[in-house]
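# A structural walkthrough
Spelled out from the first residue to the last, the chains are:
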Amino acid sequence: AQTVTQSQPEMSVQEAETVTLSCTYDTSENNYYLFWYKQPPSRQMILVIRQEAYKQQNATENRFSVNFQKAAKSFSLKISDSQLGDTAMYFCAFMVTPGGSNYKLTFGKGTLLTVNP
Amino acid sequence: GAGVSQTPSNKVTEKGKYVELRCDPISGHTALYWYRQSLGQGPEFLIYFQGTGAADDSGLPNDRFFAVRPEGSVSTLKIQRTERGDSAVYLCASSLWTPARYTFGSGTRLTVV
């Protein structure tokens, strides 16, 4: 079974600064995907960034980037130039690369990020 | 539709009652998922449909929970004899194929009193 751990229940950052959210996971699988999702008060889970485990290069999406350390099973999210609209719950999630019929996501408990003006 | 639509947005029901939660996925998306998010937790997988069939229902907590997708589009999650512990946000998501990007709906907040 896969587990995802987010050790920071809450974090805060000043607008325009950089913040890093931590995530570790445990799996015996070799091929998988890792995700960061954002959940604002609207409740909709919004994909922020995705990383394939076979890729050594860290994924980036504009102000969002990850530090993927496969051996350490670590997957942190860096948000640069933080904006007020980044305030939300952030969830780290794991999915085994499909080879069968199970495509479910396993989520961590989340980190509440507050961006202060 | 343009997004995944879930109705109702909020539902309050009395303990012991039966409820149905509806999910209308993005048109053409063959895969559909239900997740349950309890307060202060991340979403937990309930069931996955590929077309009309449930490909994986291993996350359903007990036999009070059942989901259908009769025509391969709209899905309904059914909960019988609701209990206070069923109170949570129920999220639905759809995708063209996995692991392509899931698109989540805004969920149904179920409160059992």
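Nothing here was measured: the structure is a model prediction, and the numbers come from that model.

What follows is about the state of the cysteines. All names here are of chain A. By the definition in use, this model includes 2 disulfides over all chains. Paired through a disulfide, C23 and C92 show a sulfur-sulfur distance of 2.0 Å. Here C23 and C92 share a disulfide; its torsion about the S-S bond, -70°, makes the bridge left-handed. Of the two residues, C23 sits in the loop between β3 (19–21) and β4 (24–26) while C92 sits in strand β10 (residues 88–96), which places them 69 residues apart along the sequence. For C92, a relative accessible area of 0% translates into the label buried.

The subject of this paragraph is the interface of chain A and chain B. Chain A puts 21 residues into the contact, and the matching count from chain B is 27 residues. For the pairing of chain A and chain B, the buried interface totals around 2,000 Å² over both sides, and the portion due to carbon and sulfur atoms is 53%. Our enumeration of links across chain A and chain B arrives at 6 residue pairs in polar contact (both at pLDDT 80 or more). For the side of chain A that touches chain B, the secondary structure elements donating two or more residues are β5 (32–39), β6 (46–52) and β10 of chain A. Per-element accounting of the side of chain A that touches chain B gives the leading share, 3 residues, to β5 of chain A. Of the residues assigned to the side of chain A that touches chain B, the class counts are 10 nonpolar, 6 polar and 5 charged.

On to the sheet that holds strand β8 (residues 75–79) of chain B, then. Sheet strands pair via backbone hydrogen bonds, and the direction of the pair is either parallel or antiparallel. Residue and element names in this part refer to chain B. Spatially, the 4 strands line up as an open sheet ordered β1-β3-β8-β7, and their pairing is antiparallel. Every other strand in the sheet has two partners, leaving β1 (5–7) and β7 (65–68) as the edge strands with one partner each. The mean angle between the axes of side-by-side strands here comes to 15°, regardless of whether they run parallel or antiparallel. By the bridge criterion, 4 bridges tie β7 to β8 in an arrangement that is antiparallel. The residue of β8 that forms the bridge with F65 is I79.

This part is about the pattern of salt bridges. Two side chains with opposite charge may pair up if their charged atoms get near one another. Counting across every chain of the model gives 7 salt bridges over all chains. Between D24 of chain B and R22 of chain B there is a salt bridge; the shortest N-O distance is 3.6 Å. Owing to a relative accessible area of 40%, R22 of chain B belongs among the partly exposed residues under this scheme. A salt bridge links R64 of chain B to E83 of chain B; the nearest nitrogen and oxygen atoms lie 3.5 Å apart. Separated by 19 residues along the polypeptide, R64 of chain B in the loop between β6 (53–56) and β7 and E83 of chain B in the loop between β8 and β9 (88–95) bring together distant segments of the chain. Looking at R64 of chain B, the relative accessible area reads 6%, which means it is buried. According to the relative accessible area criterion, E83 of chain B is partly exposed, its value standing at 40%. Counted as one network, the salt bridges with shared partners bring together R50, E52 and K55 of chain A.

This part covers the environment of Y90 of chain B. Residues and elements named next belong to chain B. Tracing the backbone shows Y90 in strand β9. When the C-alpha atoms of Y90 and L110 are compared, they prove to be 7.3 Å apart, with 20 residues separating the residues in sequence. At 2.7 Å, the side chain of Y90 and the backbone oxygen of D86 are in polar contact.

Another point: the pairing of β5 of chain A. Residues and elements named next belong to chain A. With 8 of 8 residues buried, β5 is to be regarded as a mostly interior element. Side-chain alternation along β5 places Y32, L34, W36 and K38 on one buried face and Y33, F35, Y37 and Q39 on a second face that is also buried. Here β5 runs beside β10; their pairing, made up of 8 bridges, is antiparallel. Bridge assignment links F35 to a residue of β10, and that residue is A93.

A few words now on the side chain of T76 of chain B. Along the chain, T76 of chain B falls in strand β8. Apart from residues lying up to four places away in sequence, T76 of chain B is in contact with E20, L21, W34, F66, A67 and V68 of chain B.

Here we come to the packing of aromatic side chains. A full pass over the atoms with the stated rule returns 18 aromatic pairs over all chains. Their ring planes at 75° and their centres at 5.8 Å tell us that Y35 of chain B and F45 of chain B sit as a pair that is edge-to-face. Taken together, the positions of Y35 of chain B in strand β4 (residues 31–37) and F45 of chain B in strand β5 (residues 44–50) put the pair 10 residues apart, joining distant regions of the chain. Here Y35 of chain B falls in the buried class, since its relative accessible area comes to 0%. Note on F45 of chain B: relative accessible area 9%, which makes it buried. Aromatic ring contacts, followed pair by pair, group Y33, F35, Y37, F91 and F107 of chain A together with Y33, Y35, F45, Y48, Y102 and F104 of chain B into a single cluster.

Calculation notes
- Residues numbered from 1 in each chain as written.
- Chains lettered and ligands numbered in written order.
- Predicted model: local features only at pLDDT ≥ 70, side-chain atom pairs only at ≥ 80, totals over all residues.
- Heavy atoms only, no water.
- Disulfide = S-S within 2.5 Å.
- Helix = DSSP H or I, 4+ residues; strand = E, 2+ residues; numbered from the N terminus.
- Buried < 20%, exposed > 50% of the residue type's maximum accessible area, 1.4 Å probe, protein only.
- Contact = heavy atoms within 4.5 Å.
- Buried area = accessible area lost by both parts, 1.4 Å probe.
- Polar contact = N/O pair within 3.5 Å; in protein donor to acceptor, adjacent residues only side chain to side chain.
- Nonpolar A, V, L, I, M, F, W, Y, C, P; charged D, E, K, R; others polar.
- Pairing = 2+ DSSP bridges.
- Axes fitted to C-alpha atoms, helices over the stretch in contact; angles between N-to-C directions.
- Salt bridge = Lys/Arg side-chain N within 4 Å of Asp/Glu carboxyl O.
- Phe/Tyr/Trp six-rings, centres within 6.5 Å; stacked < 30°, edge-to-face > 60°.

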